[in-house]
Amino acid sequence: MMRYLNELYHDKMKSSGEDLLSAIIPLMKLLSLTVIGLVLAHPKTQIIPRATFRLLSKLVFALFLPCLIFTELGESITLENFADWWFIPVNVLVSTAIGCVLGFLVVVICRPPPQFRRFTIIMTAFGNTGNLPLAIVGSVCHTADNPFGSHCHSRGVAYVSFSSWVSVILVYTLVYHMMEPPLEYYEIVEDEGEIVEEGGEIEEEQTVNDASRPLLVEAEWPGIEDKETEHSKTPFIARIFQNISNVSQTSFPDVETTGEGGANSPRSIRCLAEPKVVRRMRIVAEQTPIQHILQPPTIASLLAIIIGTVPQLKAFLFGYDAPLSFVTDSLEILGGATVPSVMLILGGMLAEGPNDSKLGLRTTVGISIARLLVLPVLGIGVVALSDKLNFLVHGDAMYRFVLLMQYTTPSAILLGAIASLRGYAVSEASALLFWQHVFALFSLSVYIVIYFKIIPYV
């Protein structure tokens, strides 16, 4: 009896040790790539200049990532599983909604400066659902004894890619407007800018050029600052809804005409004019850069879904006997450069160090705890409940792992680019993203171990 218990104890200890290694080793691989990028880009060494990392980020965005998405998603998706995967994009919305609630609680508990309340909610709610999950999936599946089977990589990349379009839509609609400079805070900054201009020192306030722009701005969505419009860095929407902007007065000028019953009478003009609420909503829609959603990764996802769900097109491109299989093989080779490039860029971003932040230590810690420790626990509950309700694909461990990862990653690096585009909390976003990615090394290690343990039972 004692011999049996002793063998059982050693078997369990061995199994636990193997599970721990299988969860930690993928992260150590990613950490090694990140450290290499950090050393190459560190200001003291400057082995590779910042411009090279910026060029690499453009290659990832325009070439490597679209190739990876197209080859893996296009091969994995079919018309049948397209319907089965419906909960993946829905889970992005659920995780964002829960994150918003947590962000509001952080605001209540930590009391950040008034101008950073919306920023606190945004940074808690919106996680990295693109490049970092792809890197984690790629590293996990690169291990021979991964728990997800032989099709680990293709299914994992397909699941992550299938959810990315939802995140892009949220960023260019909800996040874009929530990152608008607060009206009262903007007035203070504007007044300070006028004082500087009167003193003749406006030359020092020129916009930073491409060479000195932080890598954070272009680490995940290069060229986003080229999308800047006239109202990008102004509280345009707030002014509309508070009747401060003169848009509402100029949209429909007063018409003074004679003739009471004619079609051009003031009464007729007032009847045909848009109601104030409708006019304001139209202006908000016009100021939403929804057209920028169609970027290379999003286009690759759409093409992969269309081709993958049409058997005739899929047979032409995917498979050993496909006439154009050499094209997809070439794209797959290019896609293989995505994960190492993404981690090198992350290392280059971290090498710049955290900027000065007015957010406050308490709020920074509060956002990090809510995003990296509390939200994953709630995510486990959501995924377990969804499984009980039969929302998930039966018996697919990778499907569950990707859903759980949507609750576990740090705030999206893209939020730093949006902050720069809107001119709101730029240094605060940089500092917060730096510390979150440092802490995420430990939180991801813990939760990936937990996920490997519970996924068979979820």
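Above this note sits the structure.
Rules and cut-offs
- Residues numbered from 1 in each chain as written.
- Predicted model: local features only at pLDDT ≥ 70, side-chain atom pairs only at ≥ 80, totals over all residues.
- Heavy atoms only, no water.
- Helix = DSSP H or I, 4+ residues; strand = E, 2+ residues; numbered from the N terminus.
- Buried < 20%, exposed > 50% of the residue type's maximum accessible area, 1.4 Å probe, protein only.
- Contact = heavy atoms within 4.5 Å.
- Areas by Shrake-Rupley, 256 points an atom, 1.4 Å probe, with all protein chains shown as cover.
- Phe/Tyr/Trp six-rings, centres within 6.5 Å; stacked < 30°, edge-to-face > 60°.
- Expected span 1.5 Å × (residues − 1).
- Axes fitted to C-alpha atoms, helices over the stretch in contact; angles between N-to-C directions.
- Parallel < 35°, antiparallel > 145°, perpendicular 65-115°, else oblique.
- Left-handed = near helix turned anticlockwise from the far one by under 90°.
- Nonpolar A, V, L, I, M, F, W, Y, C, P; charged D, E, K, R; others polar.

1. Some words on the overall build of the protein chain
- Within the protein chain one finds 21 helices and 0 strands.
- Taking all 458 residues of the protein chain together, the buried fraction comes to 48%.
- Of all intrachain contacts in the protein chain linking residues separated by at least 6 positions in sequence, the fraction that spans at least 24 positions is 84%.
- Element-wise, carbon and sulfur atoms account for 64% of the exposed surface of the protein chain, whose accessible area totals about 23000 Å².

2. Re helix α6 (residues 131-141)
- Across the 11 residues of α6, 11 count as buried, placing the element largely inside the fold.
- Within the sequence span of α6, burial applies to N131, L132, P133, L134, A135, I136, V137, G138, S139, V140 and C141.

3. A short note on the packing of aromatic side chains
- Scanning all chains against the criterion turns up 17 aromatic pairs.
- Look at F70 and F318: their rings are 5.8 Å apart centre to centre, the planes differ by 40 degrees, and that puts the pair in the tilted class. Of this pair, F70 sits in helix α2 (residues 50-76) while F318 sits in the loop between α15 (311-317) and α16 (325-335), and the two are 248 residues apart along the sequence.
- Taking the centre distance of 4.9 Å and the plane angle of 85 degrees together, the rings of F434 and W435 count as edge-to-face.

4. As for helix α17 (residues 338-351)
- If you check α17, its first and last C-alpha atoms are 20 Å apart, about what 14 residues at 1.5 Å a residue would give, namely 20 Å.
- With 12 of 14 residues buried, α17 is to be regarded as a mostly interior element.
- When α17 is considered as a whole, its buried residues turn out to be T338, V339, S341, V342, M343, I345, L346, G347, G348, M349, L350 and A351.
- With its phi angle positive at about 75 degrees, G353 sits one or two positions after the end of α17.

5. Here's the deal with the packing of helix α7 (residues 152-178) against helix α19 (residues 397-405)
- Close contact between α7 and α19 brings their axes to 9 Å; oriented N to C, the two are set at 40 degrees. By the criterion of interaxial angle, the relationship of α7 to α19 is oblique. Here α7 runs over α19; the crossing is right-handed. In contact with C152, R155, G156, Y159 and V160 of α7, α19 contributes M398, Y399 and V402.
- Split by residue class, the contact of α7 with α19 holds 6 nonpolar, 1 polar and 1 charged.

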